[in-house]
Amino acid sequence: MGFTLAAAQAAFPAPAMIVVAELVPQVVAWARGPLAGIFQGSIEHPYTTIAIADVHDMIAAAAEGYDAILLDVDNGPDGLIQLANDRLYCDWGLRATYAALVPGGVLAVWSSYPDEAFTKRLRSTGFAVETMVMHGGGHEDDAPHVIWIAKRPGSSPSS
């Protein structure tokens, strides 16, 4: 809760605009209320917008609108938490994400497990893919965490 946003703010300093899509309004209320100490003002940052919206809908509406899309939505590249999120990870969902990125833009997807079929779907969509596998918690026997870094070929205007 808030870790991805804080990492994005550190990686993309001002004047980079960060838009967070949160489907559940109570999560935003908690972030501004009882969990505000965890968020440490990150959701009130002047270059951050919190949208109570479905991330899929925001992606589908943005033609070459994003430099980066970071998905920390489910436990992996399927709709485990919300079955409707399968549309983010299927072929046509990945094509929509590809179209929403500027040339040179990056899609990053966090997962609690590896998924070779997802890697293949990313590549078949046209992304150049790097898969990063890390052990969670710092112990070798902990389950690995996977982050796919998928780049849309081309040069970003901010490069």
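Chains are numbered independently. Their residues run from 1 in the order of the written sequence. Local features are withheld for residues below a pLDDT of 70 in this predicted model, meaning they are given only at 70 or higher, and side-chain atom pairs are given and counted only at 80 or more; totals for whole chains, interfaces and linings count all residues. Water and hydrogen atoms play no part in the side-chain values, which are based on all heavy atoms of the structure.

Q: When you look at the nonpolar core in this model, what are you seeing that I'm missing?
A: Note on soluble globular proteins: their nonpolar side chains tend to be buried together. By size, the foremost hydrophobic cluster in this structure holds 19 residues, and its most contacted members are Leu-71, Leu-107 and Leu-122. Note on conventions: DSSP H or I runs of at least 4 residues are helices, E runs of at least 2 residues are strands, and numbering of each starts at the N terminus. Looking at this core, the elements that each hand over two or more residues are α4 (55-60), β3 (66-71), α5 (86-89), α6 (91-100), β4 (101-111), α7 (116-125) and β6 (144-151). If near-sequence neighbours (up to four positions away) are discounted, Leu-122 is found in contact with Leu-94, Leu-107, Phe-127, Val-129, Trp-148 and Ala-150. Nonpolar cores are built from buried Ala, Val, Leu, Ile, Met, Phe, Trp, Tyr and Cys residues. Side-chain atoms within 4.5 Å join them into one set. Between buried and exposed lies partly exposed: a residue is buried under 20% and exposed over 50% of the maximum accessible area for its type, with that area taken using a 1.4 Å probe on protein chains only. In this structure, Ala-8, Ile-18, Ala-31 and Phe-39 belong to the second largest nonpolar core, which totals six residues. Two residues qualify as a contact provided that any one of their heavy atoms is within 4.5 Å of a heavy atom in the partner residue.

Q: Sorry if this is basic, but what is going on with the pattern of salt bridges here?
A: Should their charged atoms come close, side chains of opposite charge can pair. Any carboxyl oxygen of Asp or Glu that lies within 4 Å of a side-chain nitrogen of Lys or Arg is treated as forming a salt bridge with it. With the rule as written, the count across this model stands at three salt bridges. The closest approach of N and O atoms between Arg-32 and Glu-44, which form a salt bridge, is 2.6 Å. On the criterion of sequence distance, the pair formed by Arg-32 in helix α2 (residues 25-32) and Glu-44 in the loop between α3 (36-39) and β2 (48-52) is long-range, its members being twelve residues apart. Asp-54 is the partner of Arg-87 in a salt bridge, and the nearest nitrogen-oxygen pair spans 2.3 Å. Linking Arg-87 in helix α5 with Asp-54 in the loop between β2 and α4, this pair joins segments that are 33 residues apart in sequence. The exposure class of Asp-54 is buried, given its relative accessible area of 14%. Look at the salt bridges and you will find they share partners, linking Asp-54, Asp-57 and Arg-87 into a network.

Q: Help me understand the sheet that holds β6, please; the structure alone is not making it clear to me.
A: Strand pairing in a sheet is mediated by backbone hydrogen bonds. Such pairs are either parallel or antiparallel. Pairing between two strands requires that DSSP report at least two bridges joining them. The four strands are arranged β3-β4-β6-β5 in an open sheet whose pairing can be described as mixed. Pairing within the sheet leaves two strands with one partner each, and these edge strands are β3 and β5 (128-135). The average undirected angle you get between the axes of adjacent strands in this sheet is 15°. In the sheet, β4 pairs with β6 via six bridges, with the strands oriented antiparallel. Opposite Leu-107, over in β6, you have Ala-150 as the bridge partner. Only the contacting stretch of a helix is used when fitting its axis, a line to C-alpha atoms as for every element, and angles between N-to-C directions run 0 to 180 degrees. Helix-sheet contacts for α6 involve β3 and β4, and the interaxial angle to β4 is about 135°.

Q: Looking at this model, I keep getting lost on unusual backbone geometry. Mind explaining?
A: Peptide bonds are trans in most cases, and residues, glycine excluded, mostly fall at negative phi. Here Gln-40, not a glycine, exhibits a phi torsion of approximately 45°, which is positive. Position of Gln-40 among the secondary structure elements: in the loop between α3 and β2. With relative accessibility at 70%, the residue Gln-40 sits in the exposed group.

Q: Help me understand the environment of Pro-46, please; the structure alone is not making it clear to me.
A: Take Pro-46: it is sitting in the loop between α3 and β2. We classify Pro-46 as exposed; its relative accessible area is 67%. Spatially, the C-alpha atom of Pro-46 lies 9.3 Å from that of Pro-15, the residues being 31 residues apart in sequence.

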